[in-house]
Amino acid sequence: MNLKEPVDENIKFDALVLEGGSLKCAFTAGILDVFLDYKFPDFDYYYGVSSGSMAMSYYLAKQRKNFIKVSRALVENPEFLSYKNSFSEQGLMNLDFLNGYVFKTFPFNEEAAHENSKGKKVVIVTTDHKTGKAHYLNPTKGKWLNYMMASATLPMITKGRTNVDGTWMFDGGYSDSIPIKKAISDGAKNILVIRTRPEKQKIEKSYVSLMAEYWNYDNDNISDLFSLGYKQYNKCVEFLNGPKPQGVNWVQISPPKELRSAGYYLHVQDIDSDYRLGLETGLDFLASLNS
């Protein structure tokens with residue numbers, strides 16, 4: 001493949017599904033920036049969860065490198081990431097600061113994203129703060145950033161919830177972390193899934209989930225969601241690596257090992273490393289399509 005040679009238009013994935021993972025999505029952004037460089041054919045369906053929804057939105061707006069620029073600028077900024085604020089109203093990560101910083105410094109081109117998504121289905125996944133059920137939001141002009149921030153609102157890590165059209169919501173990763181089944185139910189047949197964990201890696205209940213379970217003891221729906229969420233994630237991993245339903249195919253792109261941006265005590269070098277790995281993985285993926 002020659003540098004910047006467009007990908008063959010006959011290669012057709014109809015859906016893109018992006019797992020979240022906070023700053024681990026630097027890996028995802030690297031892959032998507034390669035897709036922009038090589039003019040990867042458009043998808044008909046787009047699904048983004050948590051920070052994956054931000055990477056997806058910049059991709060739809062064709063704003064190459066914006067996700068990694070924002071991540072690099074914020075990861076060591078004490079106004080965004082500060083352990084002393086862990087139990088404050090804003091939490092460890094200050095989403096209000098992120099929203100204002102992005103708006104002023106690396107503004108999201110909502111108009112371009114809107115234009116480029118015409119005739120396509122775009123979904124940002126959030127979780128209902130009362131019922132624990134997934135909401136599949138279709139972003140429109142004037143609401144796109146609000147939906148993105150809601151999908152990235154983590155319990156105990158950020159301010160906990162975001163008001164979306166009169167309903168309190170938080171991180172979609174807790175109710176549908178990898179919305180492959182939603183894509184299938186919407187009619188997608190050939191799906192590209194970009195992961196932020198190794199392909200077959202399962203997880204255990206995290207300390208954050210344990211704390212959030214206790215913190216929401218008065219709401220059985222939410223308490224159970226945090227208590228059992230890791231099991232639901234592991235079932236999704238089994239589904240992704242098991243037999244495919246008749247007439248449906250998917251391909252996973254995943255990191256070969258745990259990304260350096262896992263966790264919350266990070267440096268710019270960690271973000272850069274995962275982004276470069278994403279670039280390399282994206283190039284390898286494109287090369288495999290032509291082999």
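Structure first, text after, so check above.
In this text, all values refer to a predicted model and were calculated from it rather than measured experimentally. (Residues numbered from 1 in each chain as written. Predicted model: local features only at pLDDT ≥ 70, side-chain atom pairs only at ≥ 80, totals over all residues. Heavy atoms only, no water.)

Caption draft 1: Examining the overall build of the chain more closely. Per the secondary structure count, the chain includes ten helices and eight strands. Each of the 291 residues in the chain was classed as buried or not, and the buried ones make up 54%. Looking at the chain as shown, the accessible area adds up to about 13500 Å², and 50% of this sits on carbon and sulfur atoms. (Helix = DSSP H or I, 4+ residues; strand = E, 2+ residues; numbered from the N terminus. Buried < 20%, exposed > 50% of the residue type's maximum accessible area, 1.4 Å probe, protein only. Areas by Shrake-Rupley, 256 points an atom, 1.4 Å probe, with all protein chains shown as cover.)

Caption draft 2: Molecular detail of the nonpolar core. With 53 residues, the main nonpolar core has Leu-16, Phe-35 and Tyr-59 as its most contacted residues. Counting residues per element, this core draws most heavily on helix α1 (residues 25-37), at nine residues. Residues contacting Phe-35, with those up to four places away along its chain left out, are Phe-40, Tyr-59, Leu-192, Ile-253, Phe-285 and Leu-286. Judged by nonpolar contacts, the second largest core, of 19 residues, contains Ala-183, Tyr-233, Val-237 and Val-248. (Core = buried A, V, L, I, M, F, W, Y, C linked by side-chain atoms within 4.5 Å. Contact = heavy atoms within 4.5 Å.)

Caption draft 3: Main features of the side chain of Lys-24. Note that Lys-24 resides in the loop between β1 (15-18) and α1. Although Lys-24 is buried, it makes no salt bridge; Glu-258 carries the closest opposite charge, 4.3 Å away. When residues no more than four places from it in sequence are discounted, the contact partners of Lys-24 are Thr-196, Arg-197, Glu-258, Leu-259, Ser-261 and Ala-262. (Lys, Arg positive; Asp, Glu negative; His and termini not counted. Salt bridge = Lys/Arg side-chain N within 4 Å of Asp/Glu carboxyl O.)

Caption draft 4: The arrangement of the packing of aromatic side chains in detail. One pass over the structure, following the stated rule, counts eleven aromatic pairs. Seen from their ring centres, Phe-40 and Phe-285 are 6.5 Å apart, and the 35° between their planes marks the pair as tilted. One end of the pair, Phe-40, is in the loop between α1 and β2 (45-49); the other, Phe-285, is in helix α10 (residues 268-289), with 245 residues separating them in the sequence. Side by side, Phe-40 and Phe-285 carry an identical accessibility label, which is buried. Pairing Phe-108 with Trp-144 gives two aromatic rings, centres 5.6 Å apart and planes at 55°, and the pair type is tilted. Taken as a pair, Phe-108 in the loop between α4 (95-105) and α5 (110-116) and Trp-144 in helix α6 (residues 144-151) lie far apart in primary sequence, 36 residues in all. What makes Phe-108 buried here is its relative accessible area of 11%. (Phe/Tyr/Trp six-rings, centres within 6.5 Å; stacked < 30°, edge-to-face > 60°.)

Caption draft 5: Geometry of the pattern of salt bridges. Considering all chains together, one arrives at 13 salt bridges under this definition. A salt bridge links Asp-42 to Lys-120; its shortest N-O distance comes to 3.8 Å. Of this pair, Asp-42 sits in the loop between α1 and β2 while Lys-120 sits in the loop between α5 and β3 (121-128), and the two are 78 residues apart along the sequence. Taking relative accessible area as the criterion, Lys-120 reaches 24% and is therefore assigned partly exposed. Connected via shared salt-bridge partners are Glu-19, Arg-195 and Arg-197.

Caption draft 6: Fine view of unusual backbone geometry. With phi around 50°, Lys-39 is a residue other than glycine that occupies positive phi space. By secondary structure assignment, the location of Lys-39 is in the loop between α1 and β2. Despite not being glycine, Lys-65 shows a phi value in the positive range, around 75°. Mapping Lys-65 onto the fold places it in the loop between α2 (51-60) and α3 (66-74). Taking the relative accessible area as the measure of exposure, Lys-65 reaches 34% and is therefore partly exposed.

Caption draft 7: Seen up close, the packing of α2 against α3. Where α2 contacts α3, the two axes come as close as 9 Å, and the packing angle between them is 135°. What the angle tells us is that α2 and α3 run oblique. Of the residues in α3, those in contact with Ser-51, Met-54, Ala-55 and Tyr-58 of α2 are Asn-66, Phe-67 and Val-70. Tallied by class, residues from the contact of α2 with α3 come to five nonpolar, two polar and no charged. (Axes fitted to C-alpha atoms, helices over the stretch in contact; angles between N-to-C directions. Parallel < 35°, antiparallel > 145°, perpendicular 65-115°, else oblique. Nonpolar A, V, L, I, M, F, W, Y, C, P; charged D, E, K, R; others polar.)

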